[in-house]
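Results of the structural survey
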Amino acid sequence: MTSADFQPKMVTALREAKKKTVLTGAGVSAESGIPTFRDALTGLWQHFDAERLATPEAFQRDPALVWGWYEWRRMKVLAAQPNAVHLAISALADRVSHLSLFTQNVDDLHERAGSTDVQHLHGSLLHPRCFECGNPFTLPDGIPEEPHAGRRLSPPKCQACGGLVRPGVVWFNEALPAHILSSAMESARSCDLLIVLGTSGVVYPVAHLPEVARSSGRKIIQINSAPSELDSICTWNVRGRAGQLFPTLLS
Ligand code: BV8
Ligand code: ZN
């Protein structure tokens, strides 16, 4: 497959866009072996749904269950490597004058692929903090034990106040970092092209970004291996694996 296999107008739009904004979701880390957000609820956590684990209330109700889930996911991230789509985004940034990268992912695979200035809309697994006082917590080196014994791991305690340490992610019903969200909204409004890779488009307010771009008259390319909530909003929908299609599209 080559870029000639794609719709010519889409390839032209990609090549001519001076200001590109990229929005990624769990689908771009899937090919690195990181379970997508919905898939992360399999195995030990198959009887839970995201909204029952990724909330402050869930953490307060059962801190060890929630911390165990996040440590299991962090273990997967530490054992993973960036894949072709992370590398393609990093290489694209070197070739164009203006590329903004916003991710919903809480891993560091974009950074490890060489992307700089990665805007994490939903926080990061790698920057935990105290649930009580917000004091950052430095995670021990090495890969955490997979919680074989069950799925509970007691969270560490804050050195400053003794409170429980929580993952540095944005949970449901928590506000996103305001400056990152407003920067993403502005970027969607003012870019020449929005490129959306590997997200189901289910979670707000991030899922609103493509609509912001469309209503500002921007073109939108989506690559997803399955239909998503964004299909009707995007100018071009490319069906398939981002790790295979995005590098080809850029070639
Ligand atoms: C807020 C961090 C207010 C934690 C996450 C009703 C309507 C609208 C909104 C709401 C509503 N009810 C409640 C809300 C608000 C709620 C929300 O949107 N709920 C949804 C479920 C309806 N949103 C919130 O609560 C947000 N906060 O609104 O706060 C507020 C304001 C002020 C003050 C106080 C409060 C916070 C949302 C953030 C939640 N945290 N993550 C963690 O990771 O554990 S969200 C989580 O799901 C992920 O971070 C990710 O961002 C998000 C969506 O996941 P995706 O990345 O899209 O992954 P998913 O698995 O869903 O899909 C993967 C896709 O990839 C699929 O489409 C698949 O086909 C594709 N794919 C797979 N492989 C490949 C591929 N594509 C290409 N190639 C492949 N190889
Ligand atoms: Zn504290």
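Each value, and the rule that gives it
Residues numbered from 1 in each chain as written. Chains lettered and ligands numbered in written order. Predicted model: local features only at pLDDT ≥ 70, side-chain atom pairs only at ≥ 80, totals over all residues. Heavy atoms only, no water. 1 Å grid on protein atoms, 1.4 Å probe; cavity = no way out; pocket = protein on both sides within 12 Å on 5 of 7 lines; lining within 4 Å. Points joined across faces, edges and corners; volume = space filled by probe spheres on them. Helix = DSSP H or I, 4+ residues; strand = E, 2+ residues; numbered from the N terminus. Nonpolar A, V, L, I, M, F, W, Y, C, P; charged D, E, K, R; others polar. UniProt positions renumbered as here; feature names shortened; annotations may be inferred. Buried < 20%, exposed > 50% of the residue type's maximum accessible area, 1.4 Å probe, protein only. Contact = heavy atoms within 4.5 Å. Polar contact = N/O pair within 3.5 Å; in protein donor to acceptor, adjacent residues only side chain to side chain. Near = heavy atom within 4 Å. Areas by Shrake-Rupley, 256 points an atom, 1.4 Å probe, with all protein chains shown as cover. Sits in = over half its atoms within 2 Å of the grid points. Phe/Tyr/Trp six-rings, centres within 6.5 Å; stacked < 30°, edge-to-face > 60°. Lys NZ or Arg CZ within 6 Å of the ring centre and 35° of its normal.

By volume, the largest pocket amounts to about 840 Å³. Surrounding the largest pocket, 48 residues form its lining, G25, A26, F37, R38 and N105 being those nearest its centre. Contributions of two or more residues to the lining of the largest pocket are made by α2 (27-30), α5 (63-78) and β7 (219-224). The space that makes up the second largest pocket amounts to roughly 200 Å³. With 4 residues, strand β2 (residues 98-103) is the largest single contributor of residues to the lining of the second largest pocket. Residue composition of the lining of the second largest pocket, by class: 4 nonpolar, 7 polar and 2 charged.

Turning next to the UniProt feature "binding site: NAD(+)" (unreviewed entry) in the chain. Cross-referencing UniProt, the feature "binding site: NAD(+)" (unreviewed entry) maps to Q104, N105, V106, D107, G198, T199, S200, N224, S225, A226 and A242 in the present numbering. The annotated residues that sit in the lining of the largest pocket are Q104, N105, V106, D107, G198, T199, S200, N224, S225, A226 and A242. Counting through the fold element by element, N105 comes out in the loop between β2 and α7 (109-112). Residue N105 is classed as buried on the basis of its relative accessible area of 6%. Excluding residues that lie within four positions of it along the chain, N105 makes contacts with T24, G25, A26, V28, S29, H120 and G123. Within polar-contact distance, the side chain of N105 engages the backbone nitrogen of A26 at 2.9 Å. With residues up to four places along the chain from it excluded, the contact list for D107 reads S29, V77 and H120.

Before going further, it helps to spend a moment on the site of ligand 1. Surveying the vicinity of ligand 1 reveals 33 residues, the closest of which are Y70, R73, N173, S200 and N224. Between ligand 1 and the protein, one listed contact pairs an oxygen atom with a backbone N or O atom of Y204 at 2.7 Å. In this structure, A242 approaches ligand 1 through a main-chain N or O atom, which is 2.9 Å from a nitrogen atom. Starting from 1,500 Å² of accessible surface for ligand 1 in isolation, the protein chains cover 74%. Here ligand 1 is seated within the largest pocket. Only α2 and α5 provide two or more residues apiece to the shell around ligand 1. The residue makeup of the shell around ligand 1, split by class, is 16 nonpolar, 12 polar and 5 charged.

To continue, consider the packing of aromatic side chains. Tallied over the entire structure, the rule returns 6 aromatic pairs. Ring geometry for F37 versus W69: centroids 6.2 Å apart, planes at 65°, classification edge-to-face. Taken as a pair, F37 in the loop between α2 and α3 (50-53) and W69 in helix α5 lie far apart in primary sequence, 32 residues in all. Overall, the relative accessible area of 22% leaves F37 in the partly exposed class. Three or more aromatic residues joined by ring pairs make a cluster, and in this case those are F37, F59, W69, Y70, F131, W171 and F172. The positively charged end of R73 is found above the aromatic ring belonging to W69, 4.6 Å away from the centroid. Geometry around W171 places R166 over its ring, the cationic atom sitting 3.9 Å from the centre.

Mapped onto the secondary structure, R166 falls in strand β5 (residues 165-169). With a relative accessible area of 3%, R166 lands in the buried category. For R166, the side chain forms a polar contact with the side chain of E174, separated by 2.7 Å. Dropping the residues within four chain positions of it, R166 is found in contact with F59, W67, P128, R129, C130, F131, W171 and E174.

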